[in-house]
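# Fold and contact review
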Amino acid sequence: MTRSFDPAAAHADILTRIAAAAKAGGRQAGDVTLVAVSKQQPWERVAAILETGQAVFGENRVQDAMAAWDTHREGVELRLIGPLQTNKVKEAVAFFDVIETLDREKLAAALADEMKKQGRAPRLYVQVNTGEEEQKAGVLPAEADAFIASCRDTHGLSIEGLMCIPPADEPPGPHFALLAKIAARNGISKLSMGMSDDFETAVRFGATSVRVGSALFGPRG
């Protein structure tokens, strides 16, 4: 771990900034959940953040998460924040508490089937590709309402929230506002948006969870 990096101080700083952003938007700090993005981090760094009392973590890949967290699962909420392939649905349903990347009919059908088989229901978020980027996962904004309705009516899935990752080269605010608008008209209260560089903006636009990696775990190396 980088000698000058203090994980406890970084964690406290992030929480302070979330609280200030929430207050600026007329909200409470407790309205926003910090998701520590532990993907590809060495375990010593993850353990250091765990010691601060942080209990919600985000992982990108099913297999990596299972390898890292298998013996550290108790008391921790794990969120899948990376793309989910249908051949990993069985493991994802069994292992994760929240799946934030539901974005297509085939995946919705697979999740519904597996959740019924296992009798386990991780909370589900629909990922929206607000920037309509070809290389990025997520349902297009114009198709989001119909997809959410299909998840509910056709597949019997309960959709807790929406998630987005704005384009890196555009101001994030309009993307956060768009996600909040889609959520509001579909009766969805949870918004997963904002990362290390823009989480304060996301909180001001109504984020209920922010996914922070580098600002929390420090530089690699």
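Right above here is the structure, for reference.
Structure report, in brief. (Residues numbered from 1 in each chain as written. Predicted model: local features only at pLDDT ≥ 70, side-chain atom pairs only at ≥ 80, totals over all residues. Heavy atoms only, no water.)

### So, the pairing of strand β4 (residues 98-102)
Counted only if it meets this: Three exposure classes are used, based on accessible area relative to the maximum for each residue type with a 1.4 Å probe and protein chains only: buried under 20%, partly exposed in between, and exposed over 50%. Helix numbering and strand numbering both begin at the N terminus, where a helix is a DSSP run of H or I of at least 4 residues and a strand a DSSP run of E of at least 2. Handedness of a crossover is defined as follows: with both strands directed away from the viewer, a clockwise route from the first strand across the helix to the second makes it right-handed. Each pair of strands is called paired provided DSSP finds at least two bridges between the two strands.
Of all 5 residues making up β4, 5 are buried, and the element is well covered by its neighbours. For the handedness criterion, the β-α-β arrangement of strand β3 (residues 77-80), helix α4 (residues 89-95) and β4 is classed as right-handed. Bridge count between β4 and strand β5 (residues 123-127): 3 bridges; the pairing is parallel. Within the sheet, the bridge partner assigned to Ile99 lies in β5 and is Leu124. Between β4 and its parallel partner β5, the chain crosses via helix α5 (residues 105-118), and the hand of that crossover is right-handed.

### Considering unusual backbone geometry
Look at Gln40: it is not a glycine, yet its phi comes out positive at around 60 degrees. Residue Gln40 is classed as exposed on the basis of its relative accessible area of 56%. Phi at Glu132 takes a positive value of approximately 50 degrees, unusual for a residue other than glycine. Positionally, Glu132 belongs in the loop between β5 and α6 (141-153).

### Quick word on the pattern of salt bridges
Convention followed: Between Lys or Arg on one side and Asp or Glu on the other, a salt bridge is scored when a side-chain nitrogen of the former is within 4 Å of a carboxyl oxygen of the latter.
The full count for this structure, using the stated rule, is 12 salt bridges. Two residues, Arg17 and Glu200, come together in a salt bridge whose shortest N-O distance is 3.0 Å. Here Arg17 is found in helix α1 (residues 7-24), whereas its partner Glu200 is found in helix α8 (residues 199-204), with 183 residues between them in sequence. You can call Arg17 partly exposed: its relative accessible area is 27%. Judged by relative accessible area, which is 26%, Glu200 ranks as partly exposed. Asp145 is paired through a salt bridge with Arg185; the nearest N and O atoms lie 2.8 Å apart. You can see Asp145 sitting in helix α6 and its partner Arg185 sitting in helix α7 (residues 173-185), a full 40 residues away along the chain.

### Some details on the side chain of Glu100
Selection rule: Definition of a polar contact: a pair of N or O atoms within 3.5 Å, with one able to donate and the other able to accept a hydrogen when the atoms are protein atoms, and with sequence-neighbouring residues admitted only if both atoms are side-chain atoms. Here a residue-residue contact requires only that any non-hydrogen atoms of the pair lie within 4.5 Å.
Here Glu100 is to be found in strand β4. We classify Glu100 as buried; its relative accessible area is 0%. A polar side-chain atom of Glu100 sits 2.9 Å from a polar atom in the side chain of Arg79. If we skip the residues at most four places from it in the chain, Glu100 touches Arg79, Leu80, Ile81, Tyr125, Val126, Gln127, Met163, Ser192, Ser209 and Arg211.

### Focus: the packing of aromatic side chains
Aromatic rings considered in pairs are described by the distance between their centres and by the relative angle of their planes. Put simply, the test is: Under the pairing criterion, centres of Phe, Tyr and Trp rings, with the six-membered ring standing for Trp, must be within 6.5 Å; the plane angle then separates stacked pairs below 30 degrees from edge-to-face pairs above 60, leaving the rest tilted. Either the NZ atom of lysine or the CZ atom of arginine qualifies as a charge over a ring when it sits within 6 Å of the ring centre and within 35 degrees of the ring normal.
Taken as a whole, this structure holds 4 aromatic pairs when the rule is applied. When the centroid spacing of 4.8 Å and the interplanar angle of 50 degrees are considered together, the rings of Phe57 and Trp69 count as tilted. In this pair, Phe57 is assigned in strand β2 (residues 56-59) and Trp69 in helix α3 (residues 62-69), connecting sequence segments 12 residues apart. For the residue pair Phe57 and Trp69, the accessibility class agrees, reading buried in each case. Joined through ring pairs, the aromatic side chains of Trp43, Phe57 and Trp69 make up one cluster. Over the ring of Phe95 we find Arg73, and its NZ or CZ is 5.1 Å from the ring centre.

### Observations regarding the side chain of Glu59
Here is the rule: The charge count includes Lys and Arg as positive and Asp and Glu as negative, but it does not include His or the ends of the chains.
By secondary structure assignment, the location of Glu59 is in strand β2. Within the buried set, Glu59 has no salt-bridge partner at all; the shortest N-O distance to an opposite charge, 8.6 Å, is to Arg61. Side chain to side chain, Glu59 and Ser38 meet in a polar contact 2.8 Å long. For Glu59, the side chain forms a polar contact with the side chain of Trp69, separated by 3.0 Å. Leaving out residues up to four positions away in the same chain, Glu59 has contacts with Ser38, Lys39, Ala65, Trp69, Arg79, Leu80, Ile81, Gly82 and Phe96.

Function cannot be inferred from these measures alone, as they are strictly geometric.
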